[in-house]
Each structure stands twice: as structure tokens, then as C-alpha cells.
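So the chains spell out like this:
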Amino acid sequence: MSVESEVLAVSAAWDAALVHNDAEAVAAFMADEWVYVGPTGPTGKADIVGWIAGGQLAHHTMETVGEARVAGHGESVVVTARKRSTGAWDGVAYAADEWISEVFVRSDGRWTCVLSHKCPAAA
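Okay, so let's go over this structure. These numbers were taken from a predicted model, which means no experiment stands behind them.

Thresholds applied
Residues numbered from 1 in each chain as written. Predicted model: local features only at pLDDT ≥ 70, side-chain atom pairs only at ≥ 80, totals over all residues. Heavy atoms only, no water. Helix = DSSP H or I, 4+ residues; strand = E, 2+ residues; numbered from the N terminus. Rg over C-alpha atoms; globule rule 2.2 N^0.38 Å. Buried < 20%, exposed > 50% of the residue type's maximum accessible area, 1.4 Å probe, protein only. Contact = heavy atoms within 4.5 Å. Salt bridge = Lys/Arg side-chain N within 4 Å of Asp/Glu carboxyl O.

**Thoughts on the overall build of the chain**
Then step 1. Across its full length, the chain holds three helices and six strands.
Then step 2. Its helices and strands in sequence order give the chain the pattern α-α-β-β-α-β-β-β-β, from N to C terminus.
Then step 3. Computed over its C-alpha atoms, the radius of gyration of the chain comes to 14 Å, within 12% of the 14 Å expected for a compact globule of 123 residues.
Then step 4. With the C-alpha coordinates of the chain rotated into their principal frame, the extents come out at 40 × 35 × 25 Å.
Then step 5. Buried residues in the chain amount to 37% of all 123 residues.
Then step 6. Excluding contacts between residues fewer than 6 apart, the proportion of contacts in the chain whose partners are at least 24 apart in sequence is 49%.

This is how it looks when you write it as C-alpha cells:
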């Protein structure tokens, strides 16, 4: 299996864990120093995992639109893809169409994400 295939499989499994709202499984895909960067700035792993565990954040669907771009750099890989998702934040439904870039690093024989950055997709 190529590095690109390995990382895309990890990314798909992470998406599945998110849709199942399994906070422990979601956390396993993130390095301890993982951070999400969105419109309001950075949010750490503990916050995201806590929101999922507490039910404040729920994911219902997540799909990759088109082909993901995968660029390997030694023991690091950057995945850029357009993703559409639905879910709820504090009980209020949302639908998102976003571009996401994620940096995965191989450590101790497994890939974990160290950075996720999202921005809205243009109409």
C-alpha cells in the first residue's frame, strides 16, 4: 500500500469515527498537540474531543467531494480535500461545505493528524 493510500484510509476511518460521534476513537487519530484552525482561530484537541463526548458537537454525515490531494514530505503528509458534512452544535443543525487541509505525521508506525485547517468552499 502506498503512503498516499495509507493516509487516505486513516482519514476515511477518522471521518467514520466522527460520524459515529465516538470521542475516544476520534481522539486516537489526533496527535496530542493537534489543533484545528477555523474562522475564529485555533482550537485544541481537548476542546473538540470534550464537545463530542459531552454531546455539544455531533456529526451526522461527512463526505469527500471529488479527489483528495495528497502530498508526501518524508514522514509527513498533507491532505487537501473538499468535504461536505452535517451535524449539530448545541442542538442546532448545521450543514457545511468546506475545504480542509490536514497534516499527518507517521510516528511509531502509525499516522496521526497534527493540524486541521478548514475554510468555507465558494459557491
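**Some remarks on the pattern of salt bridges**
Then step 1. This structure, assessed with the given rule, holds seven salt bridges.
Then step 2. In this structure, the salt-bridge partner of Asp15 is Lys83, at a minimum N-O distance of 2.9 Å. In this pair, Asp15 sits in helix α1 (residues 3-19) while Lys83 sits in strand β4 (residues 76-89), placing the two residues 68 residues apart along the sequence. Here Asp15 matches Lys83 in class, with each residue buried.
Then step 3. Its salt-bridge partner being Arg84, residue Asp97 comes within 3.4 Å of it at the nearest N-O pair. With Asp97 in strand β5 (residues 92-107) and Arg84 in strand β4, this pair connects stretches of sequence that are 13 residues apart.
Then step 4. Overall, Asp97 belongs to the partly exposed group, its relative accessible area being 25%.
Then step 5. Connected through shared salt-bridge partners, Glu6, Glu75 and Arg106 make up one network.

**As for the side chain of Glu98**
Then step 1. Along the polypeptide, Glu98 turns up in strand β5.
Then step 2. Its relative accessible area of 19% is what places Glu98 among the buried residues.

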